[in-house]
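# Descriptive structure summary
Residues per chain are reported as follows:
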Amino acid sequence: MSRPSPLDVPPSFAGPIPDLAWLARRLHDVGYVPENLRRLGALPSRSEWVPRFEARARCQGDDPLRTLVRVFSLGMPEDPGRLDDALGEPGLEALLDCGIIVPDGDLALSRAWLAPSGDHFFARDFSPHITTRATDAALVLGVGMASLMAAHLTVHPLDPAGATALDIGTGQGFQAVQLAPHAERVVATDLSPRALAFARWSLGLCAVGTRPAPASCELRLGAFFEPALDLRGTCDAITSNPPFMIGPDPGVVAFSNGLPGDGVTERIARDAPAMLREGGYCTIVCNWHHDDDWAARPRAWLADSNCDAWLVRTRTHDTRAYALAWLAELDTPNDRITPDLLAQWAEYYDRMGISAISFGALIIRKPPTPTTPTTLARKPFFRADTLDWNQSGGNGSAHIRRTFDALSFLNALPDIGELSHARLVPAPGLAVERTTVLQGGSWRDARPSIKPSGPLAYSTVLDDGAMDLLARLDGRTPLVSAVEAILGDLGGNRDAARAWAVTFARALLERGLLVPAPSSTATHGKRQA
């Protein structure tokens with residue numbers, strides 16, 4: 001009879017967040033970085049893992065790097081004395097105290113894979129590619145593409161002082177770490193006690209919630225917004241990267257919580273407005289299913305919310321392609337992906353009437369209190385765009401805020417023709433790109449384009465007239481006056497030039513590439529002399 005594993009005892013998330021910044025520094029100091037981890041077989045190279053025995057062979061040796069890789073990447077038991085030496089001060093005792101290391105007979109064993117992401121380390125479950133540990137139903141995932149998108153599209157509070165941020169379904173704690181520099185108080189929830197234990201370690205590794213960190217961080221157990229109802233109406237920022245997979249329940253909480261279809265996303269979207277304070281934002285990275293009108297379901301979820309929303313779609317799959325993609329994400333061996341297995345997924349979609357599934361983000365804003373006669377009569381807007389996501393674009397808070405403000409400005413105009421009297425200015429960080437193309441054996445200049453800085457990658461092609469007009473929009477000159485100044489270059493037809501300028505300015509406002517000057521927000525309903 002085999003002896004019980006120390007890993008059978010679930011870790012606890014109770015207690016203060018441990019100070020593990022010293023461990024993160026030690027990992028950096030010994031070279032526990034992606035380049036070396038790939039060389040040692042502890043990370044995939046070009047998406048390919050080396051065999052488990054090969055990774056273990058490469059990590060033989062007593063030097064600190066290989067010792068820490070064996071423990072924190074390969075999940076191997078280690079001699080306590082050797083591990084203590086590799087860790088340096090304060091050493092093994094501190095990791096036993098916080099529960100990340102547990103005794104395994106005469107050896108020491110890590111509960112978590114400490115995976116690097118950027119300059120930080122996050123606690124997650126070990127990969128089945130490099131350990132024989134069975135997959136737990138409460139599997140804690142690492143930082144993936146959806147995690148990065150959520151971090152990029154979460155709208156940070158303008159001032160951390162007094163701000164409250166909420167992370168729904170925190171998992172390994174990545175979103176809470178991203179929020180911490182931007183809010184005085186961060187609350188992270190999850191329905192898995194195991195995920196909260198891993199998040200506690202991640203927060204400690206990233207020095208979040210430990211003294212003298214600027215932000216406090218609370219971990220709360222429960223589903224959806226239930227553990228945070230005391231924050232109702234007070235949240236400046238909400239972010240959620242929930243278990244949004246649409247398909248047969250794989251029995252792993254991190255992928256699906258058992259609600260049918262896109263029920264997880266729908267519930268968060270419907271409940272979020274009540275949690276936000278005025279001017280607060282909620283970002284949900286998600287899948288949703290649809291027919292030809294891909295925005296209809298999310299639009300319906302928010303129809304009675306009195307909130308503004310921007311639905312960003314980055315890709316759409318038919319159900320077969322979606323099923324194959326998720327079977328790969330679930331590490332299903334190729335020999336188990338059979339016609340019968342795909343038929344089970346197809347039957348699920350047929351039963352629910354699902355023909356297509358999109359991926360992207362739903363960004364919700366509770367509008368600020370109206371302050372002018374025009375904004376008093378405003379109606380909430382719902383905008384839907386298909387955009388590329390620039391994975392190296394960083395956080396897009398400024399661009400998203402500009403876009404919402406510009407859409408509110410347009411939404412409050414009594415007539416789009418009134419836009420000609422607005423004072424506008426190009427958005428900060430706007431870049432003009434000029435390229436050349438090969439045509440007929442020679443290089444020719446292509447028309448220039450402009451694009452915003454940030455994670456939402458799209459561009460607008462310009463001609464000479466558009467470039468001239470943009471140069472004259474300085475925040476003081478009304479659009480109509482800027483058109484008059486270049487009327488000759490626009491062909492001389494005043495009515496046609498004004499109509500073109502309104503259409504052009506509207507398109508750029510809708511994309512956050514133009515912004516109303518402060519005076520325009522109060523006077524856009526008044527004609528300028």
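Residues numbered from 1 in each chain as written. Predicted model: local features only at pLDDT ≥ 70, side-chain atom pairs only at ≥ 80, totals over all residues. Heavy atoms only, no water.

Spatially, 3 strands are ordered 15-18-20 in an open sheet, and the strand pairing comes out antiparallel. For this open sheet the edge positions go to strand 15 (431–433) and strand 20 (460–461), each flanked by a neighbour on one side alone. Both strand 15 and strand 18 (residues 449–451) contribute to a ladder of 3 bridges, which runs antiparallel. Across the sheet, the residue bridging to Ala-431 is Lys-451, located in strand 18. (Pairing = 2+ DSSP bridges. Helix = DSSP H or I, 4+ residues; strand = E, 2+ residues; numbered from the N terminus.)

In this structure, strand 16 (residues 436–439) lies alongside strand 17 (residues 442–445), joined through 4 bridges in antiparallel fashion. Bridge pairing links Val-437 to Arg-444 in strand 17. Connecting the antiparallel pair strand 16 and strand 17 is a turn made up of 2 residues, with Gly-440 showing a positive phi of about 55°.

Another point: the pairing of strand 3 (residues 113–117). With 5 of 5 residues buried, strand 3 lies mostly within the body of the structure. The alternating pattern of strand 3 places Trp-113, Ala-115 and Ser-117 on one face and Leu-114 and Pro-116 on the opposite face, and all of these are buried. Looking at chain direction, strand 3 and strand 4 (residues 120–124) are connected through 5 bridges and run antiparallel. Across the sheet, Ser-117 pairs through a bridge with His-120, a residue of strand 4. (Buried < 20%, exposed > 50% of the residue type's maximum accessible area, 1.4 Å probe, protein only.)

Quick look at the sheet that holds strand 11 (residues 356–365) now. Read across the sheet, 8 strands follow the order 7-6-5-8-9-11-10-12 without closing on themselves; strand pairing throughout is mixed. Edge positions in the sheet fall to strand 7 (216–221) and strand 12 (382–386), since each of these pairs with one other strand and no more. Direction aside, neighbouring strands of the sheet carry axes that sit 15° apart on average. As paired elements, strand 10 (residues 308–318) and strand 12 share 5 bridges and run parallel to each other. For Leu-311, the partnering residue across the bridge sits in strand 12 and is Ala-384. Contacts from helix 15 (residues 397–412) reach strand 9 (276–290), strand 10, strand 11 and strand 12, with the element oriented near 115° to strand 10. (Axes fitted to C-alpha atoms, helices over the stretch in contact; angles between N-to-C directions. Contact = heavy atoms within 4.5 Å.)

Turning to the packing of helix 4 (residues 64–72) against helix 5 (residues 80–87), a few remarks are in order. Across the interface, helix 4 lies against helix 5 with an axial gap of 9 Å and an inter-helix angle of 115°. Crossing angle aside, the handedness with which helix 4 passes helix 5 is left-handed. Counting all contacts with helix 4, which are made through Pro-64, Thr-67, Leu-68, Arg-70, Val-71 and Phe-72, the residues of helix 5 involved are Arg-82, Leu-83, Ala-86 and Leu-87. Looking at the contact of helix 4 with helix 5 residue by residue, the classes come out as 7 nonpolar, 1 polar and 2 charged. (Left-handed = near helix turned anticlockwise from the far one by under 90°. Nonpolar A, V, L, I, M, F, W, Y, C, P; charged D, E, K, R; others polar.)

Okay, a negative patch on the surface next. On the surface, a cluster of negative charge is made up of Asp-79, Asp-84, Asp-85, Glu-89, Glu-93 and Asp-97. Residue assignment for the negative patch shows that the elements contributing at least two residues are helix 5 and helix 6 (92–98). (Patch = residues over 30% accessible without salt bridge, like charges linked within 9 Å, V, L, I, M, F, W, Y side chains within 5 Å. Areas by Shrake-Rupley, 256 points an atom, 1.4 Å probe, with all protein chains shown as cover. Salt bridge = Lys/Arg side-chain N within 4 Å of Asp/Glu carboxyl O. Lys, Arg positive; Asp, Glu negative; His and termini not counted. Charge placed at Lys NZ, Arg CZ, Asp CG, Glu CD.)

With the exception of glycine, the majority of residues adopt a negative phi angle, and the majority of peptide bonds are in the trans configuration. A cis amide bond, omega 0°, links Glu-89 with the succeeding residue Pro-90. Mapped onto the elements of the fold, Pro-90 is located in the loop between helix 5 and helix 6. Its identity as a non-glycine residue notwithstanding, Arg-46 has a phi of 55°, on the positive side. Among the structural elements, Arg-46 can be located in the loop between helix 2 (34–39) and helix 3 (52–58). The phi dihedral of Phe-224 falls on the positive side, at around 55°, and the residue is not glycine.

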